[in-house]
Amino acid sequence: MSGGGLRRGLRDVPRTVWLLAAGQFFNMIVAFTFVYFFVYLTDERGLSVAQAGVISGIGGAGTVAGNFTGGWFGDRYGHRRVLLVGSLISGVGVLALPLLSVPLLYVVPVVSQYAAGCVRAANAALVATVVPEGARRQAFAVMRFAANAGFTVGPPLGALLIAQAGYGTLFVVDGVGTLIFAAYAARVLPARGAARATGPAAASDAPGVLACLRQRPTVVLLLAAILVTDLVYRQQYSTLPADLDHHGLDTGVYGWLLAINGGLILLLELPVTVALRGRAPLRIIGGGVLLVGAGYGVLAVGPGVGTAVAMMLLLTAGEVLYKTPATAYVADHAPAHVQGRFQSLYSGVSVSGVVLSAPLGGALYTVAPGALWPVCAVLAGLAGVLLLVAGRSGRAGVSRTEEVRSVRETGTRTG
């Protein structure tokens, strides 16, 4: 896609999203504590690997729980408010880390990461609220680009801070940076208009989230498919490096694979999303999930440099295709009064692998090492096929535009 075509495709992204994306870019640059948290616990605090694993594990569970519940708070109290309060709690929690006793390390980080998970859900709900249907894919792609770009810079910067000034400085920079993001967001985000659902859609007799999901079976199917896909996708952060090492490929090879993934995401995701914005979403998402499965299928041939690079190229192509359209699809099919909860459901299932992928993949790898990659390929393949079938079956649930049309034509609400 030409630069002019990309600019035209991004024309419908509101200014609020660009401002929020700028803040997200900065916040991800300084959000490096979780990358080095495990090493900090073992090296700096002298905890055992088992203790550090438990603390890190419950922190990850807090992140997932925050993603699942942040949208509920947003629908009730306002997404902007959730983002601000969550950022404040998260920032203060990070600042406190060097001062915590060991017992408190089991409590404060999980609260901080829970708050960070709520912020992620609030971010998504804010975008879904302020962007009209038809421009959400581009808007979510802008947000992902900003987050990925920031995270590309963050970990190397964190390593430099540790080497030059120690972990204490790392936590100060992260915590203060998060508080600065909260102050920035308070200034640039509209105090009204994106707070929470109001009017008839938020009436006390409006259907709940479960009733809304029952009327949108393809959204339920998508959520289930993303749950399975994330369990498979995140094997690249746990069992993949272990398997590569088992086959004689050192951490340098693994580092290059991650660099390939990050570089291609930054280069391709935004223009590809804009170029495909008019195409049927479930077909794009299903195709992306199939590519994730194909990537792990290549590894089943036998881990080596060639197959590892091919796997990462396929995995990256799949990520480019499925992640942004899936987020937008859920937003487009959410009634206004449960937009936050729909985004929370998607945010939660899309990070579920943070907690589940390593133990499930590790258990299978321990019992049957040769079965892991074929099982991953089959699971993602089935999820992709189901999404493709749903995309070809005609009407794919009730979108917000269809819901508004129904209100105007019949005087009733389908949501």
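What you are looking at is a predicted structure, and each value in this text was computed from that prediction instead of being measured.

**Brief notes about a nonpolar patch on the surface**
A cluster of nonpolar side chains, namely V85, I89, L104, V107 and V111, defines an oily patch on the protein surface of about 380 Å² accessible area. Within the fold, L104 resides in helix 6 (residues 102-105).

**Things to note about the packing of helix 3 (residues 33-44) against helix 8 (residues 136-165)**
For the pair helix 3 and helix 8, the least separation of the axes is 9 Å and the interaxial angle reads 40°. As judged from the angle between their axes, helix 3 and helix 8 are oblique. Across the interface between the two elements, F34, V35 and Y36 from helix 3 touch F151, P155, P156, G158, A159 and I162 from helix 8.

**Thoughts on the environment of A121**
Assignment of secondary structure puts A121 in helix 7 (residues 108-130). By relative accessible area, A121 is classed as buried at 0%. Considering only alpha carbons, one finds A121 and A141, 20 residues apart in sequence, at a separation of 16 Å. If we skip the residues at most four places from it in the chain, A121 touches G66, N67, G70, G71, S344 and S347.

**Describing the pattern of salt bridges**
Within this structure, the stated rule accounts for five salt bridges. The salt bridge partner of R144 is E319, with a shortest N-O separation of 3.1 Å. Here R144 is found in helix 8, whereas its partner E319 is found in helix 15 (residues 305-332), with 175 residues between them in sequence. Each member of the pair, R144 together with E319, is buried. Across the pair R234 and D230 runs a salt bridge, and its minimum N-O distance is 2.7 Å. Note on accessibility: R234 and D230 belong to one class, buried. What you see here is one network of salt bridges that share partners, running through R144, E269 and E319.

**With respect to empty space enclosed by the protein**
Inspection of the entire model under this criterion finds two cavities of 30 Å³ or more. The volume enclosed by the largest cavity comes to roughly 40 Å³. Per element, the largest residue contribution to the lining of the largest cavity is three residues, and it comes from helix 15. Across the lining of the largest cavity, the residue classes break down as six nonpolar, one polar and one charged. If you add up the space inside the second largest cavity, you get close to 30 Å³. Of all the elements in the fold, those that place two or more residues in the lining of the second largest cavity are helix 2 (15-30) and helix 7. Within the lining of the second largest cavity, the residues separate by chemical class into six nonpolar, one polar and no charged.

**Side note on the nonpolar core**
In terms of nonpolar packing, the biggest core is built from 41 residues, with L222, I285, Y296 and F342 touching the most fellow members. Elements with a minimum of two residues in this core: helix 10 (209-214), helix 11 (217-233), helix 12 (239-246), helix 13 (251-275), helix 14 (281-299), helix 15, helix 16 (339-350) and helix 18 (372-392). Considering every element that reaches this core, the biggest residue donor is helix 15, with eight residues. Not counting residues within four places of it along the chain, the set of residues in contact with F342 comprises V209, C212, L213, R216, V219, V330, H333, A334 and P335. Membership of the second largest hydrophobic core comes to 30 residues, among which are C118, A139, L189 and L270.

**Thoughts on helix 9 (residues 167-188)**
For helix 9, spanning 22 residues, the distance from its first C-alpha to its last is 31 Å, which sits close to the expected 32 Å at 1.5 Å a residue. Among the residues of helix 9, those classed as buried are Y167, L170, F171, D174, G175, G177, T178, F181, A182 and A185. Down the axis, helix 9 shows its buried residues gathered within 160° of arc, on one side only. Every exposed residue of helix 9 that faces more than 90 degrees away from the buried side is listed here: A183 and R187. Looking at the packing, one finds that the buried side of helix 9 touches helix 2, helix 3, helix 5 (79-96) and helix 8.

**Some words on the side chain of T239**
Summarising the element assignment, T239 is placed in helix 12. Exposure remark for T239: the relative accessible area of 5% places this residue in the buried category. Looking at T239, its side chain comes within polar contact range of the side chain of Q235, at 2.7 Å. Contact partners of T239, with chain neighbours within four places excluded, come to G361, G362, Y365, L372 and W373.

**Remarks on helix 13**
Given a rise of 1.5 Å per residue, 25 residues ought to cover 36 Å, and the 36 Å separating the end C-alpha atoms of helix 13 matches this to within 8%. If you check which residues of helix 13 are buried, you get Y254, L257, N261, I265, E269, L270, T273 and V274. Backbone nitrogen of G252 and a side-chain oxygen of the N-cap are separated by 3.0 Å at the start of helix 13; the cap is D250.

Scoring rules and cut-offs
Residues numbered from 1 in each chain as written. Predicted model: local features only at pLDDT ≥ 70, side-chain atom pairs only at ≥ 80, totals over all residues. Heavy atoms only, no water. Patch = residues over 30% accessible without salt bridge, like charges linked within 9 Å, V, L, I, M, F, W, Y side chains within 5 Å. Areas by Shrake-Rupley, 256 points an atom, 1.4 Å probe, with all protein chains shown as cover. Salt bridge = Lys/Arg side-chain N within 4 Å of Asp/Glu carboxyl O. Helix = DSSP H or I, 4+ residues; strand = E, 2+ residues; numbered from the N terminus. Axes fitted to C-alpha atoms, helices over the stretch in contact; angles between N-to-C directions. Parallel < 35°, antiparallel > 145°, perpendicular 65-115°, else oblique. Contact = heavy atoms within 4.5 Å. Buried < 20%, exposed > 50% of the residue type's maximum accessible area, 1.4 Å probe, protein only. 1 Å grid on protein atoms, 1.4 Å probe; cavity = no way out; pocket = protein on both sides within 12 Å on 5 of 7 lines; lining within 4 Å. Points joined across faces, edges and corners; volume = space filled by probe spheres on them. Nonpolar A, V, L, I, M, F, W, Y, C, P; charged D, E, K, R; others polar. Core = buried A, V, L, I, M, F, W, Y, C linked by side-chain atoms within 4.5 Å. Expected span 1.5 Å × (residues − 1). Arc of directions from axis to C-beta. Polar contact = N/O pair within 3.5 Å; in protein donor to acceptor, adjacent residues only side chain to side chain.

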